[in-house]
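For reference, the chains in residue letters:
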Amino acid sequence: MLEIGSMGYNAALLAELAGSAGHVTSVDIDGDIVERARAHLTAAGYDRVEVVHADAEYGVPSGAPFVRIIVTVASPDIPPAWLAQLATKGRIVVPLQMKGRCHRHLTTPGTRSRSVNPKDFRAQPLSRVLAASRPRAQSRAAGPGAPVGGVQGRGWERCRHLADIGWGNVGGVGHHRRVLLIDVVRVSEAVTRTSARLGKVGHLAELLGRVGPDEAEIAISYLSGELPQRQVGVGWRTLEDVPQPKLAATATLAHVDELLSRIKAVSGAGSQAARRALVGELFAGLTSQEQQFMRRLLFGELRQGALDGVMIEAVAKASGAPSADVRRALTLRGWLPAVGAAALTGGVDALRAFRLEVGRAVSPMLAGSAPNVAAALDKAGAPAALEWKLDGVRVQAHRSGSEVKVFTRTLDDITPQVPELVEGVLAMPYDDLVLDGEVIALRPDGRPHPFQVTASRVSSKTDIERLREQTPLSVFFFDALRVDGADLLDLPYAQRQEALARAVPQGLLTPRLVTGETAEAERFFIDVVKAGHEGLVVKSLTSPYAAGRRGAGWIKVKPRHTLDLVVLAAEWGHGRREGKLSNLHLGARDPEGGFVMLGKTFKGLTDELLAWQTERFLELAEGPTDSWTVTLRPELVVEIAFDGVQRSPRYPGGMALRFARVLRYRPDKRVEDADTVETVRSLML
DNA sequence: CTAAGAGCCTC
DNA sequence: GTCGGAC
DNA sequence: GTCCGACGAGGCTCTTAG
């Protein structure tokens, strides 16, 4: 496969390409250019021209239009001379309309970059341009269009792959079949059928061994249950009626990916209809097997028993790199498909080239949990650091010079929503920082607002200036990944804390206590809860910043409430709970008579309990029952644990339980013994 | 102009 | 977010 | 010790329907 990018549609270039290969894909953001390219290519005898949206991954500054053309040799009968010609052409990326400082360069597979005069490029056949171009210094190869960060751009990997599969060597050309969606679907089905994790890894690695770098990102993405586009605005409603499936599976990954990008891109009035039409177009090109797969993928319910964790192993196996290196690269890059593609083409060296990069979010370290402070100290190892656990939104703040970016736990950029935080970081004495913390809305008296207030403020994008006056945000940092240009991830907690204290003013530090004494720790826990906060995070003094893992380094402890509630109804489960009544509707007793629903839960149920309750509920079934919900006679009392009571706009009592889970059934209790709404209401204050 | 639905984010 | 099951 | 998949609460934005 060969890729050529240019700034605009170039008739001479396309004409030449038309003489050399069998399949052309044009990538562009300008409809007119696309149409002209399509017309030209069609006239040149191509039966298939696909249009894909350009993306930022080529390192082209946003707004700089460019065209990418991918030429695939579709027939193994291509004359060797053509292959030789293709192999020397390699890849050209010329961003257009970057007036003044226009970087232009050219790379050929397995060789060095060269400079290209864009005028020549436009006016002359490619071969002549190449012949006239001079070698360019290797060290400056990374201009626009070249990979960002060395190994992460797709284009570069593609070029390397050309060399790998022997395109530079005309004598020994192997035929590299394009990977189809159906190939991925079949592997997914094999993974689903296999229960052993190593077996799953084997199936995935086998596929990774035969995808080209072009498709690697898409394949890895799909097989770890996500879309490269992340979300495309398609849910169950949009998929209610899709066209009849096709009989032959011909859809390529690139084609599906392109359609999904277009689906994501539509917006404005009429967009829902347009999106539906595009979804229809996508599904019309898929077999029923593929449709099923795509449906689950779009819902985010792949249910094949393999996500990132298993795919990491598969990437390791297929690339020959240790999984620790894959994992490490993932925490720094935040997106497994990019890491996987790099590993497949560049091996362990490419993985080790990933670095903490200011401005690019790192997967945050997560905490395990323990039922009480003593258990947490035991897990983390005493003495440990105890930090206040604030009930807000996790943030990762990056500062490079005077530029600050703020990311959430899932690496979303929320910088515009939190100006207070930006100002706070800009006031710090270092201009090269990556900090980990929590934003929270505090009342004037310093006590925290309910979580809902913080969440509402953080997710609001309009009228920020007014909102920040009404509900100012505070930020409390608790870790430092980089201070003053030094990466700290591998240092023990205690040393990272020293750096944190240097960079962050006292008022923005999360309150903490270092102790090995259980009694002292428990007093600290009581204090933080009294102050209205969520609990504590107990941290090992020696653990590094294990990004992206829920390790033993950090252990959270929260107080737990319980209530005896009545089961009002239950919902049929899905997936591994198919055929079982799973989700319980929970009600508190109303002293006036009847019950007030406070929420639902499906958590805390063992398989045995699930089987038991399904049988029992069907005996108690009464009243309106549909394919979703079974209403019950209110006779069963169940003990429920939960974190707190919050105001609810949805439930009749105006309140709902947060993180409700089943502890056990209480056959010894009668409904008359269940807790009342008054008891629950008193917990909300 | 308002309300409701859908999708996607936080916890 | 929590939890149980499976490796 | 880890990973996965069962699904919970609220609330914001964007779009469409009335």
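Residues numbered from 1 in each chain as written. Chains lettered and ligands numbered in written order. Predicted model: local features only at pLDDT ≥ 70, side-chain atom pairs only at ≥ 80, totals over all residues. Heavy atoms only, no water.

Some words on the overall build of chain A
Consideration 1: When its secondary structure is counted, chain A shows 23 helices and 27 strands.
Consideration 2: Long-range contacts, defined as pairs at least 24 residues apart, comprise 72% of the intrachain contacts of chain A with a sequence gap of at least 6.
Consideration 3: When the accessible surface of chain A is split by element, carbon and sulfur atoms take 51% of a total near 30600 Å². (Helix = DSSP H or I, 4+ residues; strand = E, 2+ residues; numbered from the N terminus. Contact = heavy atoms within 4.5 Å. Areas by Shrake-Rupley, 256 points an atom, 1.4 Å probe, with all protein chains shown as cover.)

Topic: the UniProt feature "binding site: ATP" (unreviewed entry) in chain A
Consideration 1: Mapped onto this numbering, the UniProt entry gives "binding site: ATP" (unreviewed entry) at Glu387, Arg394, Arg409, Glu438, Phe478, Arg550 and Lys556.
Consideration 2: Relative to the elements of secondary structure, Glu438 occurs in strand 13 (residues 432-441).
Consideration 3: Overall, Glu438 belongs to the buried group, its relative accessible area being 12%.
Consideration 4: Once residues within four sequence positions are removed from consideration, Glu438 is found in contact with Leu390, Asp391, Gly392, Val393, Arg394, Val395, Ser474, Val475, Phe476 and Phe478.
Consideration 5: Among the polar contacts made by the side chain of Glu438, one reaches the main-chain amide nitrogen of Val393 at a distance of 3.3 Å.
Consideration 6: Locating Lys556 in the fold gives a position in strand 18 (residues 554-557). (UniProt positions renumbered as here; feature names shortened; annotations may be inferred. Buried < 20%, exposed > 50% of the residue type's maximum accessible area, 1.4 Å probe, protein only. Polar contact = N/O pair within 3.5 Å; in protein donor to acceptor, adjacent residues only side chain to side chain.)

Regarding the UniProt feature "active site" (unreviewed entry) in chain A
Consideration 1: Sites flagged by UniProt as "active site" (unreviewed entry) map to Lys389.
Consideration 2: The residues touching Lys389, leaving out its near neighbours within four places in the chain, are His533, Glu534, Gly535, Leu536, Val537, Lys556 and Lys558.

What to know about the nonpolar core
Consideration 1: Membership of the largest hydrophobic core comes to 59 residues, with the highest contact counts inside it found for Leu181, Tyr222, Leu260 and Met294.
Consideration 2: Of all the elements, helix 15 (residues 336-352) adds the most residues to this core, at seven residues.
Consideration 3: Apart from the residues within four sequence positions on either side, Leu260 is in contact with Tyr222, Leu227, Gln229, Val232, Leu282, Met294 and Leu298. (Core = buried A, V, L, I, M, F, W, Y, C linked by side-chain atoms within 4.5 Å.)

Focus on the protein's contact with DNA strand B
Consideration 1: Around DNA strand B lies a shell of 18 residues, among which Gly235, Arg237, Thr238, Thr408 and Thr410 are the nearest.
Consideration 2: In DNA strand B, the atoms that sit within 4 Å of the protein are 97% sugar and phosphate, with bases accounting for the remainder.
Consideration 3: A distance of 2.6 Å separates a phosphate oxygen of DNA strand B from a polar side-chain atom of Thr238.
Consideration 4: Each residue belonging to the surface near DNA strand B can be placed in one class, and the counts come to six nonpolar, seven polar and five charged. (Near = heavy atom within 4 Å. Nonpolar A, V, L, I, M, F, W, Y, C, P; charged D, E, K, R; others polar.)

Here's the deal with the protein's contact with DNA strand D
Consideration 1: The full set close to DNA strand D counts 40 residues, and Gly268, Arg303, His574, Phe602 and Tyr651 are the nearest of them.
Consideration 2: Looking at the surface near DNA strand D, the elements with two or more residues in it are helix 11 (271-284), helix 13 (308-319), helix 18 (451-459) and strand 25 (644-647).
Consideration 3: Class assignment of the residues belonging to the surface near DNA strand D gives a composition of nine nonpolar, 20 polar and eleven charged.

Brief notes about the packing of aromatic side chains
Consideration 1: The full count for this structure, using the stated rule, is three aromatic pairs.
Consideration 2: For the ring pair Tyr545 and Trp554, a centre distance of 5.9 Å and an interplane angle of 85° mean the geometry is edge-to-face.
Consideration 3: Given the relative accessible area of 2%, Trp554 is considered buried.
Consideration 4: An aromatic cluster of at least three residues, connected via ring pairs, comprises Phe478, Tyr545 and Trp554.
Consideration 5: Above the plane of the ring of Trp554 lies Lys539, whose end atom (NZ or CZ) is 3.6 Å from the centre. (Phe/Tyr/Trp six-rings, centres within 6.5 Å; stacked < 30°, edge-to-face > 60°. Lys NZ or Arg CZ within 6 Å of the ring centre and 35° of its normal.)

A closer look at helix 21 (residues 518-530)
Consideration 1: Its 13 residues place the ends of helix 21 18 Å apart at the C-alpha level, agreeing with the 18 Å of an ideal helix rising 1.5 Å per residue.
Consideration 2: Residues of helix 21 that are buried include every one of Ala521, Phe524, Phe525 and Val528, and no others. Buried residues of helix 21 fall within an arc of 105° about the axis and therefore sit on the same side. Facing away from the buried side of helix 21 by over 90 degrees, the exposed positions are Arg523 and Lys530. (Expected span 1.5 Å × (residues − 1). Arc of directions from axis to C-beta.)

Quick look at unusual backbone geometry
Consideration 1: In this structure, the amide linkage connecting Ala382 to the following residue, Pro383, adopts the cis form with an omega of -5°.
Consideration 2: Mapping Pro383 onto the fold places it in the loop between helix 16 (373-380) and strand 10 (384-389).
Consideration 3: Backbone geometry at Asp463 places phi at a positive 60°, although glycine is not the residue there.
Consideration 4: Locating Asp463 in the fold gives a position in the loop between helix 18 and helix 19 (464-470).
Consideration 5: The backbone of Asp484 sits at a positive phi, close to 55°, despite the residue not being glycine.
Consideration 6: Positionally, Asp484 belongs in the loop between strand 14 (473-483) and strand 15 (486-487).

Some words on the sheet that holds strand 9 (residues 368-369)
Consideration 1: A sheet is described by the order of its strands in space; here five strands give the open sequence 9-18-17-10-16, paired in mixed fashion. Either end of the sheet is taken by a strand with one partner, and the two such strands are strand 9 and strand 16 (512-515).
Consideration 2: Bridge analysis of strand 9 against strand 18 gives two bridges, and the strand direction is parallel. Paired with Gly368 across the strands is Ile555, a residue of strand 18.
Consideration 3: Relative to strand 10, helix 20 (residues 493-503) is tilted by about 55°, and along the sheet it contacts strand 10, strand 16, strand 17 (535-540) and strand 18. (Pairing = 2+ DSSP bridges. Axes fitted to C-alpha atoms, helices over the stretch in contact; angles between N-to-C directions.)

A closer look at the side chain of Ser363
Consideration 1: With respect to the element layout, Ser363 can be found in the loop between helix 15 and strand 9.
Consideration 2: Here Ser363 falls in the buried class, since its relative accessible area comes to 14%.
Consideration 3: Those residues in contact with Ser363 that sit more than four places away from it in its chain are Leu330, Thr331, Gly334, Leu411, Tyr545, Ala547 and Gly548.

Re the environment of Leu620
Consideration 1: You can see Leu620 is positioned in helix 22 (residues 607-620).
Consideration 2: Accessibility expressed as a relative area gives 1% for Leu620, which makes it buried.
Consideration 3: Once you skip the residues sitting within four places of it in the chain, Leu620 turns out to touch Thr631, Leu632, Arg633, Glu635 and Leu636.

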